[in-house]
Amino acid sequence: MPLLADRAPAKVNLTLHVLGRRVGDGYHVLESLVAFAGTADRLTLDPAAPLGLTVSGPTAGPAGPTDDNLVLRAARGLAARVPGLRVGAFHLVKRLPVAAGIGGGSSDAAAALRLLARLNGLSLDHEAVGAVARETGADVPVCLVPRARMMRGAGEEIGPALGLAPLPAVLINPGVPVPTAPVFKALGLAAGQDLPGAPHPTIPQDMATGALLEALAGARNDLEAPALTVAPVIGDALKALRGQGCRLARMSGSGATVFALFADRRAAVRAAAALRTAHPAWWVAPTFLR
Ligand SMILES: C[C@](O)(CO)[C@H](O)COP(=O)(O)OP(=O)(O)OC[C@H]1O[C@@H](n2ccc(N)nc2=O)[C@H](O)[C@@H]1O
Ligand SMILES: Nc1ncnc2c1ncn2[C@@H]1O[C@H](COP(=O)(O)OP(=O)(O)OP(=O)(O)O)[C@@H](O)[C@H]1O
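Residues numbered from 1 in each chain as written. Chains lettered and ligands numbered in written order. Predicted model: local features only at pLDDT ≥ 70, side-chain atom pairs only at ≥ 80, totals over all residues.

Looking at an unreviewed UniProt entry, one finds the protein named 4-diphosphocytidyl-2-C-methyl-D-erythritol kinase, with Methylobacterium oryzae CBMB20 as its source organism. According to its UniProt record, the protein has this under Pathway (unreviewed entry): "Isoprenoid biosynthesis; isopentenyl diphosphate biosynthesis via DXP pathway; isopentenyl diphosphate from 1-deoxy-D-xylulose 5-phosphate: step 3/6." According to UniProt, the comment filed for the protein under the heading Catalytic activity (unreviewed entry) is "4-CDP-2-C-methyl-D-erythritol + ATP = 4-CDP-2-C-methyl-D-erythritol 2-phosphate + ADP + H(+)". (UniProt positions renumbered as here; feature names shortened; annotations may be inferred.)

In C-alpha coordinates:
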(Lines give C-alpha, C1' and ligand atoms only; values in the text may rest on other atoms or scores of the structure.)
(Ligands and ions follow the chains in the order given, each with its own letter.)
Protein backbone atom coordinates (compact mmCIF):
# COMPACT_ATOMS: atom_id res chain seq x y z
CA MET A 1 0.00 0.00 0.00
CA PRO A 2 1.44 3.45 -0.94
CA LEU A 3 2.21 6.25 1.52
CA LEU A 4 -0.79 8.27 2.74
CA ALA A 5 -0.20 12.02 3.09
CA ASP A 6 -2.02 15.01 4.56
CA ARG A 7 -1.36 18.61 5.54
CA ALA A 8 -1.67 19.94 9.08
CA PRO A 9 -2.57 23.62 8.64
CA ALA A 10 -2.02 26.37 11.22
CA LYS A 11 -5.15 27.20 13.25
CA VAL A 12 -5.97 30.88 13.70
CA ASN A 13 -8.44 32.14 16.33
CA LEU A 14 -10.04 35.09 14.49
CA THR A 15 -11.85 35.79 17.79
CA LEU A 16 -11.45 34.28 21.25
CA HIS A 17 -13.89 35.27 23.97
CA VAL A 18 -13.33 33.75 27.41
CA LEU A 19 -16.73 33.40 29.11
CA GLY A 20 -15.49 32.03 32.44
CA ARG A 21 -13.71 29.20 34.19
CA ARG A 22 -15.28 25.80 34.92
CA VAL A 23 -15.46 24.20 38.33
CA GLY A 24 -13.92 20.70 38.29
CA ASP A 25 -11.16 20.63 35.69
CA GLY A 26 -10.55 24.42 35.90
CA TYR A 27 -10.61 24.74 32.09
CA HIS A 28 -11.83 28.01 30.60
CA VAL A 29 -15.12 28.23 28.69
CA LEU A 30 -14.55 29.84 25.29
CA GLU A 31 -16.38 31.14 22.26
CA SER A 32 -14.01 31.36 19.28
CA LEU A 33 -14.23 31.74 15.51
CA VAL A 34 -11.45 29.48 14.23
CA ALA A 35 -10.03 29.46 10.69
CA PHE A 36 -7.15 27.62 9.01
CA ALA A 37 -4.15 28.88 7.02
CA GLY A 38 -2.55 27.53 3.87
CA THR A 39 0.70 27.38 5.87
CA ALA A 40 1.04 23.85 7.21
CA ASP A 41 3.10 20.96 8.57
CA ARG A 42 3.05 17.80 6.43
CA LEU A 43 2.38 14.29 7.72
CA THR A 44 2.79 10.97 5.90
CA LEU A 45 1.89 7.43 7.00
CA ASP A 46 3.59 4.26 5.71
CA PRO A 47 1.13 1.44 6.43
CA ALA A 48 3.76 -1.23 5.65
CA ALA A 49 5.83 -0.36 8.76
CA PRO A 50 5.07 -0.70 12.50
CA LEU A 51 3.77 2.26 14.56
CA GLY A 52 6.47 4.91 14.79
CA LEU A 53 7.35 8.55 14.09
CA THR A 54 10.27 10.44 12.60
CA VAL A 55 10.35 14.24 12.50
CA SER A 56 12.31 16.57 10.20
CA GLY A 57 11.95 20.24 9.20
CA PRO A 58 12.98 23.64 10.60
CA THR A 59 10.99 23.37 13.88
CA ALA A 60 11.54 19.63 14.55
CA GLY A 61 13.88 20.45 17.51
CA PRO A 62 11.54 22.83 19.39
CA ALA A 63 8.66 20.31 18.97
CA GLY A 64 10.34 18.22 21.69
CA PRO A 65 10.96 14.48 22.19
CA THR A 66 9.47 12.28 19.45
CA ASP A 67 7.98 9.86 21.96
CA ASP A 68 5.87 12.68 23.49
CA ASN A 69 4.76 14.02 20.08
CA LEU A 70 1.01 14.59 19.82
CA VAL A 71 1.02 12.53 16.57
CA LEU A 72 2.06 9.43 18.53
CA ARG A 73 -0.21 10.27 21.48
CA ALA A 74 -3.22 10.46 19.14
CA ALA A 75 -2.23 7.27 17.26
CA ARG A 76 -1.71 5.31 20.49
CA GLY A 77 -5.00 6.65 21.84
CA LEU A 78 -6.92 5.48 18.77
CA ALA A 79 -5.18 2.06 18.73
CA ALA A 80 -6.20 1.60 22.39
CA ARG A 81 -9.84 2.30 21.58
CA VAL A 82 -10.25 0.51 18.24
CA PRO A 83 -9.32 -3.20 18.39
CA GLY A 84 -7.33 -4.36 15.36
CA LEU A 85 -6.64 -0.79 14.14
CA ARG A 86 -4.12 -0.76 11.26
CA VAL A 87 -1.29 1.66 12.06
CA GLY A 88 2.05 2.50 10.40
CA ALA A 89 5.14 4.71 10.46
CA PHE A 90 4.47 8.45 10.45
CA HIS A 91 6.86 11.08 9.16
CA LEU A 92 6.24 14.70 10.18
CA VAL A 93 7.79 17.64 8.33
CA LYS A 94 7.56 20.30 11.04
CA ARG A 95 7.50 23.88 9.73
CA LEU A 96 5.06 25.73 12.01
CA PRO A 97 6.47 27.58 15.03
CA VAL A 98 5.99 25.66 18.30
CA ALA A 99 4.13 26.94 21.39
CA ALA A 100 2.87 29.71 19.13
CA GLY A 101 -0.94 29.90 19.51
CA ILE A 102 -1.54 28.38 16.09
CA GLY A 103 -2.19 24.85 17.31
CA GLY A 104 0.62 23.19 15.36
CA GLY A 105 0.75 20.14 17.60
CA SER A 106 -3.06 19.90 17.69
CA SER A 107 -3.25 20.09 13.89
CA ASP A 108 -0.56 17.39 13.59
CA ALA A 109 -2.55 15.15 15.97
CA ALA A 110 -5.73 15.79 13.96
CA ALA A 111 -3.89 14.93 10.71
CA ALA A 112 -2.70 11.66 12.30
CA LEU A 113 -6.31 10.80 13.18
CA ARG A 114 -7.43 11.63 9.61
CA LEU A 115 -4.71 9.39 8.11
CA LEU A 116 -5.56 6.50 10.44
CA ALA A 117 -9.27 6.96 9.76
CA ARG A 118 -8.56 6.86 6.01
CA LEU A 119 -6.37 3.73 6.31
CA ASN A 120 -9.03 1.92 8.35
CA GLY A 121 -12.13 3.12 6.53
CA LEU A 122 -13.35 4.88 9.70
CA SER A 123 -15.58 7.95 9.59
CA LEU A 124 -14.26 11.08 11.34
CA ASP A 125 -17.64 11.00 13.12
CA HIS A 126 -16.67 7.66 14.72
CA GLU A 127 -17.07 7.99 18.50
CA ALA A 128 -13.47 6.82 19.14
CA VAL A 129 -12.00 9.46 16.80
CA GLY A 130 -13.86 12.25 18.62
CA ALA A 131 -12.96 10.87 22.05
CA VAL A 132 -9.25 10.61 21.20
CA ALA A 133 -9.29 14.12 19.69
CA ARG A 134 -10.73 15.55 22.94
CA GLU A 135 -8.26 13.57 25.10
CA THR A 136 -5.26 14.72 23.04
CA GLY A 137 -5.84 18.48 23.46
CA ALA A 138 -8.49 21.19 23.62
CA ASP A 139 -7.70 22.36 20.05
CA VAL A 140 -7.66 18.91 18.41
CA PRO A 141 -11.45 18.53 17.79
CA VAL A 142 -11.65 21.80 15.81
CA CYS A 143 -8.61 20.74 13.73
CA LEU A 144 -10.19 17.42 12.67
CA VAL A 145 -11.88 19.02 9.63
CA PRO A 146 -9.88 22.23 9.16
CA ARG A 147 -12.47 24.73 7.89
CA ALA A 148 -13.64 28.00 9.51
CA ARG A 149 -16.20 27.31 12.23
CA MET A 150 -17.21 28.28 15.78
CA MET A 151 -15.67 26.46 18.73
CA ARG A 152 -17.27 26.55 22.18
CA GLY A 153 -16.95 25.04 25.66
CA ALA A 154 -13.33 24.19 26.43
CA GLY A 155 -12.95 23.31 22.73
CA GLU A 156 -15.17 20.21 22.57
CA GLU A 157 -18.25 21.88 20.98
CA ILE A 158 -17.66 22.32 17.26
CA GLY A 159 -20.05 24.20 14.97
CA PRO A 160 -20.67 23.52 11.26
CA ALA A 161 -18.21 24.70 8.60
CA LEU A 162 -19.23 28.31 7.84
CA GLY A 163 -18.30 28.51 4.15
CA LEU A 164 -16.50 31.87 4.53
CA ALA A 165 -14.65 33.36 1.55
CA PRO A 166 -10.85 32.92 1.92
CA LEU A 167 -9.32 35.89 3.82
CA PRO A 168 -5.94 37.22 2.61
CA ALA A 169 -3.72 37.39 5.71
CA VAL A 170 -0.21 37.58 7.13
CA LEU A 171 0.86 35.57 10.18
CA ILE A 172 3.84 36.73 12.28
CA ASN A 173 5.59 34.94 15.10
CA PRO A 174 8.20 37.05 16.92
CA GLY A 175 10.22 33.95 17.91
CA VAL A 176 9.36 33.68 21.60
CA PRO A 177 7.69 30.38 22.61
CA VAL A 178 4.60 31.05 24.76
CA PRO A 179 3.16 27.97 26.53
CA THR A 180 -0.66 28.06 26.82
CA ALA A 181 -1.25 27.32 30.53
CA PRO A 182 0.56 30.41 31.98
CA VAL A 183 -1.45 32.71 29.68
CA PHE A 184 -4.79 31.31 30.91
CA LYS A 185 -3.39 31.57 34.46
CA ALA A 186 -2.48 35.25 33.94
CA LEU A 187 -6.17 35.97 33.25
CA GLY A 188 -6.58 35.41 36.99
CA LEU A 189 -10.03 33.74 36.95
CA ALA A 190 -11.03 31.54 39.90
CA ALA A 191 -12.90 28.27 39.19
CA GLY A 192 -16.59 29.11 38.79
CA GLN A 193 -15.88 32.77 37.96
CA ASP A 194 -17.32 34.45 34.83
CA LEU A 195 -15.49 37.03 32.73
CA PRO A 196 -17.83 39.90 31.79
CA GLY A 197 -17.63 41.28 28.24
CA ALA A 198 -19.78 42.07 25.20
CA PRO A 199 -21.31 38.92 23.65
CA HIS A 200 -19.69 37.29 20.64
CA PRO A 201 -21.22 38.45 17.35
CA THR A 202 -23.29 35.87 15.47
CA ILE A 203 -21.47 34.54 12.39
CA PRO A 204 -24.06 33.15 9.96
CA GLN A 205 -23.34 30.61 7.21
CA ASP A 206 -21.78 32.12 4.03
CA MET A 207 -21.39 35.56 5.68
CA ALA A 208 -20.13 38.19 3.19
CA THR A 209 -16.54 39.35 3.82
CA GLY A 210 -17.50 42.99 4.54
CA ALA A 211 -20.02 41.97 7.19
CA LEU A 212 -17.55 39.43 8.61
CA LEU A 213 -14.85 42.11 9.01
CA GLU A 214 -17.35 44.34 10.83
CA ALA A 215 -18.28 41.49 13.13
CA LEU A 216 -14.60 40.69 13.78
CA ALA A 217 -13.90 44.35 14.64
CA GLY A 218 -16.60 44.12 17.33
CA ALA A 219 -15.05 40.96 18.81
CA ARG A 220 -11.75 40.38 20.61
CA ASN A 221 -9.13 37.94 21.88
CA ASP A 222 -9.41 37.95 25.68
CA LEU A 223 -6.01 36.21 25.95
CA GLU A 224 -4.22 39.13 24.28
CA ALA A 225 -3.84 41.23 27.48
CA PRO A 226 -2.57 38.35 29.68
CA ALA A 227 -0.25 37.12 26.88
CA LEU A 228 1.26 40.62 26.60
CA THR A 229 2.26 40.40 30.27
CA VAL A 230 4.00 37.05 29.57
CA ALA A 231 5.63 38.11 26.27
CA PRO A 232 5.65 41.90 25.68
CA VAL A 233 7.18 41.37 22.19
CA ILE A 234 3.64 40.46 21.03
CA GLY A 235 2.91 44.21 21.27
CA ASP A 236 5.78 44.92 18.84
CA ALA A 237 4.44 42.34 16.39
CA LEU A 238 0.91 43.85 16.52
CA LYS A 239 2.35 47.34 16.01
CA ALA A 240 4.41 46.15 13.02
CA LEU A 241 1.30 44.61 11.40
CA ARG A 242 -0.81 47.73 12.03
CA GLY A 243 1.89 49.78 10.30
CA GLN A 244 1.20 47.81 7.10
CA GLY A 245 -2.30 49.16 6.39
CA CYS A 246 -4.23 46.03 7.36
CA ARG A 247 -7.97 45.82 8.02
CA LEU A 248 -7.57 44.06 11.36
CA ALA A 249 -4.62 42.83 13.47
CA ARG A 250 -5.07 40.50 16.44
CA MET A 251 -3.30 37.75 18.39
CA SER A 252 -4.20 34.08 17.72
CA GLY A 253 -4.93 31.68 20.61
CA SER A 254 -2.61 32.21 23.55
CA GLY A 255 0.09 33.81 21.34
CA ALA A 256 2.67 34.78 20.45
CA THR A 257 1.58 34.51 16.77
CA VAL A 258 -0.41 37.53 15.55
CA PHE A 259 -2.32 37.81 12.28
CA ALA A 260 -3.50 40.65 10.08
CA LEU A 261 -6.24 40.61 7.43
CA PHE A 262 -5.68 42.49 4.15
CA ALA A 263 -7.89 43.71 1.32
CA ASP A 264 -6.33 41.29 -1.21
CA ARG A 265 -3.49 38.82 -1.75
CA ARG A 266 -1.15 41.43 -3.28
CA ALA A 267 -1.42 43.66 -0.22
CA ALA A 268 -0.70 40.66 2.05
CA VAL A 269 2.36 39.60 0.02
CA ARG A 270 3.68 43.18 -0.06
CA ALA A 271 3.22 43.57 3.72
CA ALA A 272 4.94 40.22 4.36
CA ALA A 273 7.97 41.29 2.28
CA ALA A 274 8.26 44.59 4.18
CA LEU A 275 7.90 42.84 7.55
CA ARG A 276 10.61 40.27 6.66
CA THR A 277 13.01 43.07 5.75
CA ALA A 278 12.29 45.01 8.95
CA HIS A 279 12.34 41.91 11.22
CA PRO A 280 14.57 39.21 9.67
CA ALA A 281 14.42 37.04 12.82
CA TRP A 282 10.59 36.81 12.84
CA TRP A 283 8.55 34.06 11.15
CA VAL A 284 6.38 35.79 8.55
CA ALA A 285 3.82 33.92 6.42
CA PRO A 286 1.46 35.45 3.83
CA THR A 287 -1.51 33.10 3.40
CA PHE A 288 -5.27 32.70 3.04
CA LEU A 289 -7.46 31.86 6.04
CA ARG A 290 -10.49 29.67 5.31
C1 LIG B 1 -5.95 28.88 23.51
C2 LIG B 1 -6.46 27.85 22.50
O3 LIG B 1 -5.42 27.51 21.59
C4 LIG B 1 -7.61 28.48 21.69
O5 LIG B 1 -7.93 27.76 20.52
C6 LIG B 1 -6.93 26.58 23.20
O7 LIG B 1 -7.94 26.87 24.13
C8 LIG B 1 -5.79 25.81 23.88
O9 LIG B 1 -5.74 24.57 23.27
P10 LIG B 1 -4.57 23.52 23.58
O11 LIG B 1 -3.24 24.20 23.52
O12 LIG B 1 -4.84 22.33 22.72
O13 LIG B 1 -4.86 23.22 25.09
P14 LIG B 1 -4.48 21.95 25.99
O15 LIG B 1 -3.15 21.42 25.57
O16 LIG B 1 -5.64 21.02 26.05
O17 LIG B 1 -4.35 22.66 27.40
C18 LIG B 1 -3.22 23.38 27.81
C19 LIG B 1 -3.59 24.14 29.08
O20 LIG B 1 -4.37 25.30 28.74
C21 LIG B 1 -5.39 25.52 29.71
N22 LIG B 1 -6.70 25.55 29.02
C23 LIG B 1 -6.84 25.04 27.76
C24 LIG B 1 -8.05 25.11 27.12
C25 LIG B 1 -9.14 25.71 27.81
N26 LIG B 1 -10.34 25.83 27.22
N27 LIG B 1 -8.97 26.20 29.06
C28 LIG B 1 -7.76 26.13 29.67
O29 LIG B 1 -7.63 26.59 30.81
C30 LIG B 1 -5.23 24.46 30.76
O31 LIG B 1 -4.45 25.00 31.79
C32 LIG B 1 -4.45 23.38 30.06
O33 LIG B 1 -3.67 22.65 30.97
N1 LIG C 1 3.66 17.74 16.70
C2 LIG C 1 3.96 18.70 17.58
N3 LIG C 1 4.18 19.96 17.16
C4 LIG C 1 4.46 20.95 18.05
N5 LIG C 1 4.58 20.76 19.36
C6 LIG C 1 4.35 19.54 19.85
C7 LIG C 1 4.04 18.46 18.97
N8 LIG C 1 3.87 17.37 19.73
C9 LIG C 1 4.05 17.74 21.01
N10 LIG C 1 4.35 19.03 21.10
C11 LIG C 1 4.56 19.80 22.37
O12 LIG C 1 3.37 20.57 22.58
C13 LIG C 1 3.67 21.88 23.06
C14 LIG C 1 2.69 22.90 22.41
O15 LIG C 1 2.94 22.98 21.05
P16 LIG C 1 1.99 23.71 19.97
O17 LIG C 1 2.91 24.22 18.92
O18 LIG C 1 0.90 22.83 19.56
O19 LIG C 1 1.41 24.92 20.83
P20 LIG C 1 0.44 26.11 20.44
O21 LIG C 1 0.73 26.57 19.05
O22 LIG C 1 0.55 27.13 21.52
O23 LIG C 1 -0.96 25.43 20.47
P24 LIG C 1 -2.38 26.05 20.86
O25 LIG C 1 -2.66 27.14 19.88
O26 LIG C 1 -3.24 24.82 20.65
O27 LIG C 1 -2.29 26.50 22.28
C28 LIG C 1 5.13 22.14 22.71
O29 LIG C 1 5.78 22.61 23.85
C30 LIG C 1 5.71 20.79 22.27
O31 LIG C 1 6.75 20.34 23.09
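### Brief notes about the pairing of strand 11 (residues 283–289)
The element strand 11 is extensively covered by neighbouring structure, given that five of its seven residues are classed as buried. For strand 8 (residues 167–173) and strand 11, the ladder comprises seven bridges, and the chain directions are antiparallel. What sits directly across from Leu167, in strand 11, is Leu289. (Buried ≥ 20, exposed ≤ 12 C-beta atoms within 10 Å, placed from the backbone. Helix = DSSP H or I, 4+ residues; strand = E, 2+ residues; numbered from the N terminus. Pairing = 2+ DSSP bridges.)

### What to know about the site of ligand 1
With respect to spatial proximity, 18 residues lie near ligand 1, and among them Gly137, Ala138, Asp139, Ala154 and Gly253 are the closest. Among the elements of the structure, strand 3 (28–46) and helix 5 (180–187) are those that each provide at least two residues to the shell around ligand 1. Looking at the shell around ligand 1, its residues break down into seven nonpolar, ten polar and one charged. Counting only domains with at least three residues in the shell around ligand 1, you end up with domain 1 (4–158) and domain 2 (167–289). (Near = placed C-beta within 6 Å. Nonpolar A, V, L, I, M, F, W, Y, C, P; charged D, E, K, R; others polar. Domains from an automatic or database assignment.)

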